Amino acid sequence: MKSGFFLILLLTSICFSQNVGVKVDGLDANQDTTIEIKKGSKGQNSLYEITEGEENIEGDPAPLLKEARTNWKKACRDWKNEFKEMNKENSIISAVCGKMNCTTQAMESTCSSKATYKVKIKIN
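In this text, all values refer to a predicted model and were calculated from it rather than measured experimentally.

Some details on the overall build of the protein chain
Secondary structure assignment for the protein chain yields two helices and four strands. Moving toward the C terminus, one meets the helices and strands of the protein chain in the order α-β-α-β-β-β. Intrachain contacts of the protein chain at a sequence separation of at least 6 include 64% that bridge at least 24 residues. As displayed, the protein chain offers around 10,800 Å² of accessible surface, 53% of which is attributable to carbon and sulfur atoms.

As C-alpha cells, then:
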C-alpha cells in the first residue's frame, strides 16, 4: 500500500515538472524558426562607450552687456534643448554650457563659452 502511494506521488511530481511555460503557438511552420532562451535582462549584452566633447556657444551681439548676456543664456538654452531632442536612448550623461565670457568690440558686446558634454554611445 505504501509503495503504491509513493509511486502515485512520484508520478504526479514528474508530471508537474514537465511544464516549462513557453508558448510557441501561432508560429509559421513553413519557414525555419529559431527560439532562443536566455537568462537575464534584454539590454544586458549591450556595450556602451562614453564620449566627451566640446562646442563653442556664442550669443547674438548686442549694444548693451546685459542684452548680450541674455542672448548667451538663450543660445545656451537652445543648445541644451537640441541636445535633449537627440536623446532618443537616454544617452546624455551631462551637458554644461560652461563659463560665460563677454567681450566688447566696435560698440557691441558678445558673450560666448566653451560647452562640454558626455554621452554614452551604443557600440553593438
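Here we look at the pattern of salt bridges
Inspection of the entire model under this criterion finds two salt bridges. Across the pair Lys114 and Glu54 runs a salt bridge whose closest N-O atoms are separated by 3.9 Å. Of this pair, Lys114 sits in strand β4 (residues 108-122) while Glu54 sits in strand β1 (residues 48-58); the two residues are 60 residues apart in sequence, bridging distant segments of the chain. Where Lys74 meets Asp78, a salt bridge forms, and the shortest distance between an N and an O atom there is 3.0 Å.

A short note on the nonpolar core
Judged by nonpolar contacts, the single largest core of 13 residues is most densely connected at Ile57, Trp72, Trp79, Phe83, Cys97 and Tyr117. At the level of secondary structure, the elements contributing two or more residues to this core comprise α2 (65-85) and β4. Take this core: its biggest share by element is six residues, from α2. Sequence-distant contacts of Trp72, that is, excluding residues within four places in its chain, are made with Ile57, Gly59, Cys97, Gly98, Met100, Cys111, Ser112 and Ser113.

Regarding the side chain of Ser91
Inspection of the secondary structure assignment puts Ser91 in the loop between α2 and β2 (92-96). Since its relative accessible area comes to 17%, Ser91 is described here as buried. Beyond its immediate chain neighbours, meaning those up to four positions away, Ser91 contacts Lys118, Val119 and Lys120.

With respect to a nonpolar patch on the surface
On the surface, Leu47, Ile121 and Ile123 cluster together into a nonpolar patch covering about 270 Å² of accessible area. Residue Ile123 is classed as partly exposed on the basis of its relative accessible area of 49%.

Side note on α2
The first and last C-alpha atoms of α2 sit 30 Å apart over 21 residues, in line with the 30 Å expected at 1.5 Å per residue. Restricting attention to buried positions, one finds in α2 the residues Ala68, Trp72, Ala75, Cys76, Trp79 and Phe83. Angular distribution of buried residues about the axis of α2 spans 100°; they occupy a single face of the element. Residues of α2 that are exposed and point over 90 degrees away from its buried face: Lys66, Lys84 and Glu85. Looking at the buried residues of α2, the elements they touch are β1, β2 and β4.

Analysis parameters
- Residues numbered from 1 in each chain as written.
- Predicted model: local features only at pLDDT ≥ 70, side-chain atom pairs only at ≥ 80, totals over all residues.
- Heavy atoms only, no water.
- Helix = DSSP H or I, 4+ residues; strand = E, 2+ residues; numbered from the N terminus.
- Contact = heavy atoms within 4.5 Å.
- Areas by Shrake-Rupley, 256 points an atom, 1.4 Å probe, with all protein chains shown as cover.
- Salt bridge = Lys/Arg side-chain N within 4 Å of Asp/Glu carboxyl O.
- Core = buried A, V, L, I, M, F, W, Y, C linked by side-chain atoms within 4.5 Å.
- Buried < 20%, exposed > 50% of the residue type's maximum accessible area, 1.4 Å probe, protein only.
- Patch = residues over 30% accessible without salt bridge, like charges linked within 9 Å, V, L, I, M, F, W, Y side chains within 5 Å.
- Expected span 1.5 Å × (residues − 1).
- Arc of directions from axis to C-beta.

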